[in-house]
Amino acid sequence: LFPDGTLNDRTLWCDCCFNHDMAYWRGGSEDERKEADKTFRACVLDRAGNKALAEIMYDGVRVGGSPVFPTWFRWGYGWKYGRGYKPITEDEQKQVADMLDRYKKTHPSGYCHKQ
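All figures in this text were calculated on a predicted structure; none of them were measured in a lab.

Enquirer: Even after reading the chapter, I still don't get the state of the cysteines, so can you show me in this structure?
Expert: Cysteine pairs can be covalently joined through their sulfur atoms, and such a bond is termed a disulfide. Following the criterion strictly, the structure yields 2 disulfides and no others. What pairs with Cys16 in a disulfide is Cys43, and their sulfur atoms sit 2.0 Å apart. Negative torsions about the S-S bond denote left-handed disulfides, and the value of about -70° found for Cys16 with Cys43 makes this one left-handed. Taken as a pair, Cys16 in helix α1 (residues 14-26) and Cys43 in helix α2 (residues 30-48) lie far apart in primary sequence, 27 residues in all.

Enquirer: Mind showing me how you'd approach the nonpolar core here?
Expert: Generally speaking, nonpolar side chains in soluble globular proteins are found buried as a group. Residues Trp13, Cys16, Cys17, Phe40, Val44, Leu53 and Met57 are the most contacted members of the largest nonpolar core, which totals 13 residues. For this core, the elements supplying multiple residues, two or more each, are α1, α2 and α3 (51-64). Apart from residues lying up to four places away in sequence, Val44 is in contact with Trp13, Cys16, Gly49, Leu53, Ala54 and Met57.

Enquirer: Even after reading the chapter, I still don't get α3, so can you show me in this structure?
Expert: Residues spaced three or four apart along an α-helix face the same direction, because each turn holds 3.6 residues. Taking 1.5 Å per residue as the helical rise, α3 with its 14 residues ought to reach 20 Å, and the 20 Å between its terminal C-alpha atoms agrees with that figure. Taken as a whole, α3 has its buried residues at Leu53, Ala54, Met57, Tyr58 and Val61. Down the axis of α3, the smallest arc covering the buried residues is 130°, so these residues share one side. Those residues of α3 that are exposed and aimed more than 90 degrees away from the buried face are Lys51, Ile56 and Val63. On its buried side, α3 packs onto α1 and α2. Its side-chain oxygen 3.1 Å from the backbone nitrogen of Ala52, Asn50 forms the N-cap of α3.

Enquirer: Is there a simple way to explain the packing of aromatic side chains in this structure?
Expert: What describes a pair of aromatic rings is the distance from one ring centre to the other and the angle between the planes of the rings. Evaluated as defined, the whole model comprises 4 aromatic pairs. Ring geometry for Trp72 against Phe73: centres 5.3 Å apart, planes inclined by 90°, an arrangement best described as edge-to-face. Linked through ring pairs, Phe18, Tyr103 and Tyr111 together constitute an aromatic cluster. Here the guanidinium or amino end of Arg41 rests over the ring plane of Tyr58, the centre of that ring lying 3.9 Å away. Residue placement shows Arg83 over the ring face of Trp79; its charged tip is 5.1 Å from the ring centre.

So, how was this worked out
- Residues numbered from 1 in each chain as written.
- Predicted model: local features only at pLDDT ≥ 70, side-chain atom pairs only at ≥ 80, totals over all residues.
- Heavy atoms only, no water.
- Disulfide = S-S within 2.5 Å.
- Helix = DSSP H or I, 4+ residues; strand = E, 2+ residues; numbered from the N terminus.
- Core = buried A, V, L, I, M, F, W, Y, C linked by side-chain atoms within 4.5 Å.
- Buried < 20%, exposed > 50% of the residue type's maximum accessible area, 1.4 Å probe, protein only.
- Contact = heavy atoms within 4.5 Å.
- Expected span 1.5 Å × (residues − 1).
- Arc of directions from axis to C-beta.
- Polar contact = N/O pair within 3.5 Å; in protein donor to acceptor, adjacent residues only side chain to side chain.
- Phe/Tyr/Trp six-rings, centres within 6.5 Å; stacked < 30°, edge-to-face > 60°.
- Lys NZ or Arg CZ within 6 Å of the ring centre and 35° of its normal.

Next comes the structure, spelled out in structure tokens:
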């Protein structure tokens, strides 16, 4: 829901967004979400060197990414709506790993590769 970079470098912080999106898809505990959001903010700050931008993006995910919202981008959106903040079980972790492995095989260049 936010650009992956600047007009001059359209993928400048794309991998920050992709990794954050994968964390949100996976879901888990409330502490895992807080950590994913902090990691996201630090990544954007590192890539863009712009504290205001990193804070705006961080604030946006903190406000808009709650698992209570019935949106496709909420925390834990890879699972059925209503999961909320719940640790990932061993079986679910295997499902996540299998799906990520399939994704990597079908997208060997990754999502953020520059052309």
